[in-house]
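# Tertiary structure, described
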Amino acid sequence: MSPAMRIDVVSIFPDYLAGLQLSLIGKAVEQGLIELGIHDLREFTFDRHRTVDDSPYGGGAGMVMKAEPWALALEHILGADAEGTEGTGGAGSPPRPVLIVPSPAGPVFDQRTAEELAGADHLVFACGRYEGIDQRVLDWAQDHFDLRPMSIGDYVLNGGEVASMVMIEAISRLIPGVIGNPESLTEESHEDGLLEYPIYTKPANWRGHEVPEVLLSGNHQAIARWRRDRRLERTAEVRPDLLARLGDLDSRDRAVVDRFESRGETMTE
Ligand code: JEB
């Protein structure tokens, strides 16, 4: 078995991150697939008020997170990494931990990013609040981490906690063993750039709404074709940007999309 992925999260609201211990990720922690460390930034302050913020140089609204508590928290995490690895004579230096800093100013996190980060040994999430973190922390961190500012989308949050949880969930479910049935990984939405087909379960007639007949036919080839067509139509309708990123469709797929585009509606409407 491959060694556990280490995930550290630093926040002034560590209780907020406690939800990570539940459900699928909690199970992965119990199974030793993920080692999770949640750190309270205020533990790295030493004044009476455990101050983590101050007013911005140059003026402006809001507060900025002070540099020193962040550097101490991140050094604490780096120090734990180095423990027991002194002079073992291993080949080369280990890879730098990846420092993910949620920020509305970062490149947008997507499934490709999740796949890339799922291969890392050690992820550290720095959850800012207020207007964000003193830039010098990020400049300093470049020498110790593989620094990755990341946005989860074009809307404004109050801090990095929810964004970190989104990214941790998307990444950790790609770690081998975290999801029971790995087939469900390859089949799903975004994995190949198309949205999912509609899904149904019993009863076949629910309040007068029938399940599409082809799904009851037992004709696996017809079912696969129907599902592919619905995926193409759905993607053309709600996410034409995803279709544009797909590259060349084969002539059959192209025909389904063209038919959709000239009709401007789906067959389920
Ligand atoms: C992440 C954060 C804030 C300007 C406005 C608001 C720390 N997609 C996203 N939207 N907002 C955030 C994000 C991500 N990832 C985000 C971290 C922080 C917002 N704020 C508030 C900062 N600058 C503080």
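Higher on the page you've got the structure.
One structure accompanies this document, and this report is about it. (Residues numbered from 1 in each chain as written. Predicted model: local features only at pLDDT ≥ 70, side-chain atom pairs only at ≥ 80, totals over all residues. Heavy atoms only, no water.)

### So, the overall build of the chain
In terms of helices and strands, the chain carries nine helices and nine strands. Over its C-alpha trace the chain gives a radius of gyration of 23 Å, far above what one expects of a compact globule, namely 18 Å for 269 residues. Reported as C-alpha extents along the three principal axes, the dimensions of the chain are approximately 70 × 50 × 40 Å. Looking at the chain residue by residue over its 269 residues, the buried ones come to 38%. Of all intrachain contacts in the chain linking residues separated by at least 6 positions in sequence, the fraction that spans at least 24 positions is 76%. Charge-centre separation for the chain: the mean point of 26 positive side chains lies 6 Å from the mean point of 45 negative side chains. (Helix = DSSP H or I, 4+ residues; strand = E, 2+ residues; numbered from the N terminus. Rg over C-alpha atoms; globule rule 2.2 N^0.38 Å. Buried < 20%, exposed > 50% of the residue type's maximum accessible area, 1.4 Å probe, protein only. Contact = heavy atoms within 4.5 Å. Lys, Arg positive; Asp, Glu negative; His and termini not counted. Charge placed at Lys NZ, Arg CZ, Asp CG, Glu CD.)

### As for the sheet that holds strand 1 (residues 5–11)
Taken in spatial order, the five strands line up as 2-1-6-5-7 in an open sheet, and their pairing is parallel. Looking at strand neighbours, the two that pair on one side only are strand 2 (34–40) and strand 7 (146–150), the edges of this open sheet. The average undirected angle you get between the axes of adjacent strands in this sheet is 20°. Two elements, strand 1 and strand 2, share seven bridges in a ladder whose sense is parallel. For Met-5, the partnering residue across the bridge sits in strand 2 and is Ile-34. Its contacts with the sheet place helix 5 (residues 161–172) against strand 1, strand 2, strand 5 (98–102), strand 6 (122–126) and strand 7, and it is angled at close to 160° to strand 6. (Pairing = 2+ DSSP bridges. Axes fitted to C-alpha atoms, helices over the stretch in contact; angles between N-to-C directions.)

### Overview of the nonpolar core
Residues Leu-123, Phe-125, Met-167 and Ile-171 are the most contacted members of the largest nonpolar core, which totals 32 residues. Elements represented by at least two residues in this core include exactly strand 1, helix 1 (23–30), strand 2, strand 5, helix 3 (111–117), strand 6 and helix 5. Counting residues per element, this core draws most heavily on helix 5, which supplies five residues. Ignoring anything within four residues of it in the chain, the contact list for Ile-171 reads Met-5, Phe-109, Ala-114, Leu-117, Ala-118, Leu-123 and Phe-125. (Core = buried A, V, L, I, M, F, W, Y, C linked by side-chain atoms within 4.5 Å.)

### A few points about the site of the ligand
Around the ligand there are 18 residues in total, and Pro-102, Met-150, Gly-153, Tyr-155 and Leu-157 lie nearest to it. Here a nitrogen atom of the ligand and a backbone polar atom of Ile-152 are 3.4 Å apart. The backbone of Tyr-155 places a nitrogen or oxygen atom 2.7 Å from a nitrogen atom of the ligand. Protein contacts shield 87% of the accessible area of the ligand, which totals 500 Å² for the unbound molecule. Here the shell around the ligand is composed, by residue class, of nine nonpolar, seven polar and two charged. (Near = heavy atom within 4 Å. Polar contact = N/O pair within 3.5 Å; in protein donor to acceptor, adjacent residues only side chain to side chain. Areas by Shrake-Rupley, 256 points an atom, 1.4 Å probe, with all protein chains shown as cover. Nonpolar A, V, L, I, M, F, W, Y, C, P; charged D, E, K, R; others polar.)

### So, the pattern of salt bridges
In the structure shown here, the tally under the stated rule is 17 salt bridges. In this structure, the salt-bridge partner of Arg-6 is Glu-35, at a minimum N-O distance of 3.1 Å. Of this pair, Arg-6 sits in strand 1 while Glu-35 sits in strand 2; the two residues are 29 residues apart in sequence, bridging distant segments of the chain. Judged by relative accessible area, which is 24%, Arg-6 ranks as partly exposed. Assessed through its relative accessible area of 40%, Glu-35 is described here as partly exposed. The partner of Arg-252 in a salt bridge is Asp-229, with the nearest N and O atoms 2.9 Å apart. In this pair, Arg-252 sits in helix 9 (residues 251–263) while Asp-229 sits in helix 7 (residues 220–238), placing the two residues 23 residues apart along the sequence. (Salt bridge = Lys/Arg side-chain N within 4 Å of Asp/Glu carboxyl O.)

### Some points on the side chain of Thr-235
Tracing the sequence through the fold places Thr-235 in helix 7. Since its relative accessible area comes to 0%, Thr-235 is described here as buried.

### Focus on unusual backbone geometry
Here the residue pair Lys-202 and Pro-203 is connected by a cis peptide bond, since its omega of 5° sits within 30 degrees of zero. On the secondary structure map, Pro-203 appears in the loop between helix 6 (183–186) and strand 8 (205–206). The residue Ser-23 is not glycine, and still its phi comes out positive at about 60°. Following the sequence through the fold, Ser-23 ends up in helix 1. Given a relative accessible area of 59%, Ser-23 falls into the exposed group. Even without being a glycine, Arg-50 presents a positive backbone phi close to 50°. Assignment of secondary structure puts Arg-50 in the loop between strand 2 and strand 3 (53–54). Here Arg-50 falls in the partly exposed class, since its relative accessible area comes to 34%.

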